[in-house]
Amino acid sequence: MKSKRSYILKLIPYIVLTLVGVPIAGMTFNEGLKISGYKTIPVEVVGTGSMYPSLFWSTVEGGPEDESKSVVQEYRTTPHLYKYFRGLNFAGNNFFSRKLAHGDMVAFKNSKTREILTTDNKDQENGFIKRVIALAGDTVELRDGFVYINNILIQEPYVYSPRSTYGGTTLKDCEKLIVPTGSLFVLGDNRKVSSDSRFELGVINDADVEFVLPYNEQKIYHSLYRDTSKDDALLGQPTLSATEFVNLVNAKRISLNLPKLKESTGLNKSSALRGDKLLLDENTNYSMQQALEKVGYSNIVLGEFVSRGRFTAKELLDNLLYQPGSTKQILNNEYSDLGVSAVTREIAGCPTQIIVGHLGGYIPATYDRSTINSWVELKSNLTEIIPTWEKAIGYNNLDQQKLSTLLSILRTRQSLATEIVDVMNKKEWFTKNQQERIEQDKLEANKAESLAKELNKE
């Protein structure tokens, strides 16, 4: 019995060592897998909506998803990625390294990400997450809203909306970029809100990448992807429906108790004329007013907005409402008419589009009481004076030619005074013709006074 107890006591240190050591070994092994890039870990990145629909896009940042109303899976708010393990070097060879490929998601940091995040008042240490679109040696071109790699249009089911990839400050539309050695060309999936290699970020160094999720391991996101089978049919086609845009604007206005806008054929035409000139020359002297006169549209309150790039009706409205200036236009209570046109043409061999919107509205005119009274008085005076001079017709002692000229001037002034008083009483605005005649009336008044003096001396 004593021998058995002694044996058990001898085993206790080994049992304790096993109970403590196995979990530690497990933890160490688990951490080793993470470090070596064989097990995913949650990665904090900036949530800007640039990787939507794969990753979460909050309503706070202009997106469609409200986490307070629905459950959002962790892998969409905090993606689980592999550590980008660059392998082990031995005897001049590299072993176990992970190679990046097209479509991989990568998280990275560099001086540009820190600069951009600082400008946006965000934590500069969070880093960016984007998708690898092109590798070193690949030729990238952005044309007509699509991405071409090595002259082949690529299928992108992960992109939020088709035909939405347009050039920026670093890579412009229809320009080709060969990705340098050791570099990557990366884009966000939500192309119209993503700060990526098209802009100031530029291509990134492979050395900046810290985490990766290979494309073939992104099945957890596949239910969020699009069907790309009809994307090619969009090439060269307009993306905007004017009627749909007006309907969406009106839905927004109605929600704010504002009157609806009427789609104006004239404004659709004038916006197309203006857009055509702007596409050829952004500094064109062909004004909105000239376009309006060309189509025969006139109104009191006029406005114009211009957007470059391709937008659906919803995207255009969202874009305009994102900017204070255009928001004020779209929701202005003084406007009653709206027209919009998407004008597309090839500029130097590059498909280019511009969207121009024209707004028109009417507000009642207001006139100073003293101005109204002066015209009423003029009309009354002329009504009394004209019959007096008419009685002198045929008098041999008066120059009948001068009298005829005087009466013609007085009757013209009387007609104008009657017209102007009527316009002011109705709170209407003077037409261009009426304004010109008012200016001419000042000269006619002087002529009439001079003729009257000459005739009175005869």
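Residues numbered from 1 in each chain as written. Predicted model: local features only at pLDDT ≥ 70, side-chain atom pairs only at ≥ 80, totals over all residues. Heavy atoms only, no water.

A.B. asks: Report on the pairing of strand E11 (residues 183-187), specifying residues and quantitative values.
C.D. replies: Burial runs high along E11: five of the five residues are buried. Sheet analysis places strand E6 (residues 128-134) next to E11, joined by three bridges and oriented antiparallel. From the neighbouring strand, alanine 134 faces E11, where its bridge partner is phenylalanine 185. Bridging between E11 and strand E12 (residues 204-205) involves two bridges; their strand directions are antiparallel. By the bridge assignment for E12, serine 183 is matched with asparagine 205. (Buried < 20%, exposed > 50% of the residue type's maximum accessible area, 1.4 Å probe, protein only. Helix = DSSP H or I, 4+ residues; strand = E, 2+ residues; numbered from the N terminus. Pairing = 2+ DSSP bridges.)

A.B. asks: Quick one: what's the story with the sheet that holds E11, residue by residue and with numbers?
C.D. replies: Strand order in the open sheet formed by seven strands is E1-E2-E13-E5-E6-E11-E12, and the pairing between neighbours is antiparallel. Pairing within the sheet leaves two strands with one partner each, and these edge strands are strand E1 (41-42) and E12.

A.B. asks: Summarise the state of the cysteines; cite the residues concerned and give the values.
C.D. replies: Linking two cysteines covalently via their sulfur atoms produces the bond known as a disulfide. Per the counting criterion, the structure on display carries one disulfide. Shown here is the disulfide that connects cysteine 174 with cysteine 350, its sulfur atoms set 2.0 Å apart. Here the disulfide of cysteine 174 and cysteine 350 is right-handed, its torsion about the S-S bond being about 80°. Taken together, the residues cysteine 174 in the loop between strand E9 (152-153) and strand E10 (176-178) and cysteine 350 in strand E17 (residues 350-361) connect sequence positions 176 residues apart. Both residues of the pair, cysteine 174 and cysteine 350, count as buried. (Disulfide = S-S within 2.5 Å.)

A.B. asks: Please give an account of the sheet that holds E9 that cites residues and values.
C.D. replies: Note on sheets: strands pair through backbone hydrogen bonds, and any given pair is parallel or antiparallel. Read across the sheet, four strands follow the order E9-E8-E7-E10 without closing on themselves; strand pairing throughout is antiparallel. The strands lining the two open edges of the sheet, one partner per strand, are E9 and E10. Two strands pair when backbone bridges link them, and strand E7 (residues 139-143) and E10 are joined in this way by three bridges, in the antiparallel orientation. In the sheet register, glutamate 141 faces E10, and the bridge partner there is lysine 176.

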